[in-house]
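Read off the chains here:
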Amino acid sequence: MAWSTIAEPGDAVAGELVSALGAERALGLVLQAVDDGATRGGLGGEARGATRGAAGGAAGGEPGALAVLARDCAEAGVPGTEDLRAFAPVLRAALDRWVPRLGRADVGEVVAAARAVGARLLVPGGPTWPERVDDLGAHAPLVLWSRSAATETLPALAVVGSRANTVAGAEAAAEITSIAADAGCAIVSGAAYGIDAVAHRVAIAAGAPTVAVLAGGIDQLYPAGNVELLRNVQRQGALLAESPPGTRPTRWRFLARNRLIAALSDATVVVEAGARSGALNTAHHAGQLGRAVFAVPGAFSSSASVGCHRLVVQGRAQLVVHPRDPSDAVLASGFRIGPGAVDEPLVGARHDPEVLRVLDALGRRAMSEHEVAGRSGMSLAETADALALAQLQGLVAHTSGGWVRA
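Described below are features of the structure shown in this document. Values in this document were obtained by computation on a predicted structure and should not be read as measured data.

What counts, and where the lines are drawn
- Going along each chain's sequence as written, the residues are numbered from 1 onward.
- Since the coordinates come from a predicted model, pLDDT governs what is reported: local features require at least 70, and pairs of side-chain atoms require 80 or more to be given and counted, while whole-chain, interface and lining totals use all residues.
- To get the side-chain values, all heavy atoms of the structure are used, and hydrogens and water are removed first.
- Strands are treated as partners if at least two bridges between them are detected by DSSP.
- Helix and strand definitions here come from DSSP, where helices need a minimum of 4 consecutive H or I residues and strands a minimum of 2 consecutive E residues; each element is numbered from the N-terminal end.
- Residues are treated as being in contact if the distance between any of their heavy atoms lies within 4.5 Å.
- Think of each axis as a best-fit line through the C-alpha atoms, taken over the contacting stretch in the case of a helix, with angles from 0 to 180 degrees between the N-to-C directions.
- Stacked, tilted and edge-to-face are the three classes assigned to paired rings of Phe, Tyr and Trp, where Trp is represented by its six-membered ring and a pair needs centres within 6.5 Å; plane angles under 30 degrees give stacked, over 60 edge-to-face, the rest tilted.
- Exposure categories follow from relative accessible area, calculated using a 1.4 Å probe and restricted to protein chains: below 20% of the type maximum is buried, above 50% is exposed, and the middle band is partly exposed.
- Every case where a carboxyl oxygen of Asp or Glu lies within 4 Å of a side-chain nitrogen of Lys or Arg is listed as a salt bridge.

Looking at the sheet that holds strand β6 (residues 238–241)
Strand order in the open sheet formed by nine strands is β1-β2-β6-β5-β4-β3-β7-β8-β9, with mixed pairing between adjacent strands. Edge positions in the sheet fall to β1 (120–122) and β9 (318–319), since each of these pairs with one other strand and no more. As defined by bridge partners, strand β7 (residues 267–271) adjoins strand β8 (residues 292–296) across five bridges and the pair is classed as parallel. Bridge pairing in β8 links T268 to V293. Set on the sheet, helix α9 (residues 195–205) makes contact with β3 (156–161), β4 (186–189), β5 (210–213) and β7; between it and β3 the angle comes to about 140 degrees.

Spelled out as structure tokens, the structure:
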């Protein structure tokens, strides 16, 4: 739980350390390295208390703690430690990312917030852990939070697509979902407006389990217009989140969440997607994981279908010819997309990803660089660079009270 409050979803360095060293030992060594001055920003003794408790008091601040951490990583076989000279800067950059949050990590508050909404903690290797997400390797979630009915593990189909779908797109998503539900599949999506909501509603109407993966904490039911839908999902299936309770949804967390939708499913179908749709990000993750990917595009002249057409023409997805094709793929053993698939992502972020993160972190009031770093999950150095770039683009301004959106 402490690690989930420190590292952003998908942080590969955190994942590798926890996997190789164990959560408690890894956290203790990280605190040692911070105490030893291995980062640009220090961490006061009083602020360390809550986090240190989770590490069992393992951090002692001995000299050369960063070297000790790097050596232990090498002995545990962490990827990249073959060349410790090259690995050290990667490790230091990770420490810089985590320092702004180390003093604020309070496991007790996390537990209390989870209890308030009746959430359960799922941990790797536990009886209710969804083993499919382990395919993400170092990018797998450190923990998951769940609000759910008791459901069995079933073959799963992810149904995602445009938020601004057409009537034809909604009808296609509904038919595909209905057939999959009748075939015994669970339906996975992200509870967004549009195709996601159609998939969840049809699954509920069909009496099939459905899983909604949240971009924020398990107590953050978002979007507001789908709160009642999310409560129905909880009653019939599950709500899942990897960020700790209290974490607000942000654009970069939606992108991180998409990898979980792909990993939790045996196949993914994208129903209508524009050139920059987040559903394409889900399809990309599914392809990288070797999952089957299907697309249901609309008219070639429709801007809402550009992404789906590209998926098909680039060999990243199969065209849905019959609405049962995706569920057939889920139920077929060893189904994988053909050799035409490629690994590079379809689209880039509209802005530099780090600029996007600081923009999302900024609220209505002015904030200091330290506060922006803590909210964005980046190091102080990364935050300063991103704010400077955003300022050059006219997206933020620096006032006497701190940084604000322009």
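Examining the packing of aromatic side chains
Inspection of the entire model under this criterion finds two aromatic pairs. Geometrically, the ring pair formed by W3 and W98 is edge-to-face, given 5.1 Å between the ring centres and 85 degrees between the ring planes. With W3 in helix α1 (residues 2–6) and W98 in helix α6 (residues 84–102), this residue pair connects regions lying 95 residues apart in the sequence. W98 matches W3 in its accessibility class, with the two residues each being buried. On the numbers, 5.8 Å between centres and 50 degrees between planes, the contact of Y222 with F254 is tilted. Placement of the pair is Y222 in the loop between β5 and α10 (227–236) and F254 in helix α11 (residues 251–263), with a sequence separation of 32 residues.

Overview of the pairing of strand β10 (residues 396–399)
Of the strand pairs in this sheet, β10 and strand β11 (residues 402–405) are connected by four bridges, and their pairing is antiparallel. When the bridges of β11 are listed, V396 appears paired with R405. The hairpin turn running from β10 into β11, its antiparallel successor, is two residues long.

Notes on the environment of A361
You can see A361 is positioned in helix α15 (residues 353–361). Given a relative accessible area of 0%, A361 falls into the buried group. With near-sequence residues (within four places) excluded, A361 lies in contact with R248, W252, M367, V372, R375 and S376.

Structural notes on the environment of A186
You can see A186 is positioned in strand β4. Its relative accessible area of 9% is what places A186 among the buried residues. Sequence separation between A186 and T153 is 33 residues; the distance between their C-alpha atoms is 8.5 Å. Other than its neighbours up to four places away in sequence, A186 contacts L154, P155, A156, L157 and P209.

Observations concerning unusual backbone geometry
Peptide bonds are mostly trans, and most non-glycine residues show a negative phi. The amide bond that connects Y222 to the next residue, P223, takes the cis arrangement and shows omega of 0 degrees. Positive phi, normally seen in glycine, also occurs at A191, with a value near 65 degrees. Following the sequence through the fold, A191 ends up in the loop between β4 and α9. Assessed through its relative accessible area of 0%, A191 is described here as buried. The backbone of E272 shows a phi angle near 60 degrees, a positive value even though the residue is not glycine. Assignment of secondary structure puts E272 in the loop between β7 and α12 (278–288).

Some remarks on the side chain of S305
Relative to the assigned elements, S305 resides in the loop between β8 and α13 (306–313). Among all residues touching S305, those that are not within four sequence positions of it are E272, A273, P297, G298 and A299.

Focus: the pattern of salt bridges
A side chain of one charge can pair with a side chain of the opposite charge when the charged atoms of the two come close. On inspection of all chains with the given rule, the structure shows 14 salt bridges. With a closest N to O distance of 3.4 Å, E228 and R235 form a salt bridge. Judged by its relative accessible area of 45%, E228 is partly exposed. Overall, the relative accessible area of 54% leaves R235 in the exposed class.

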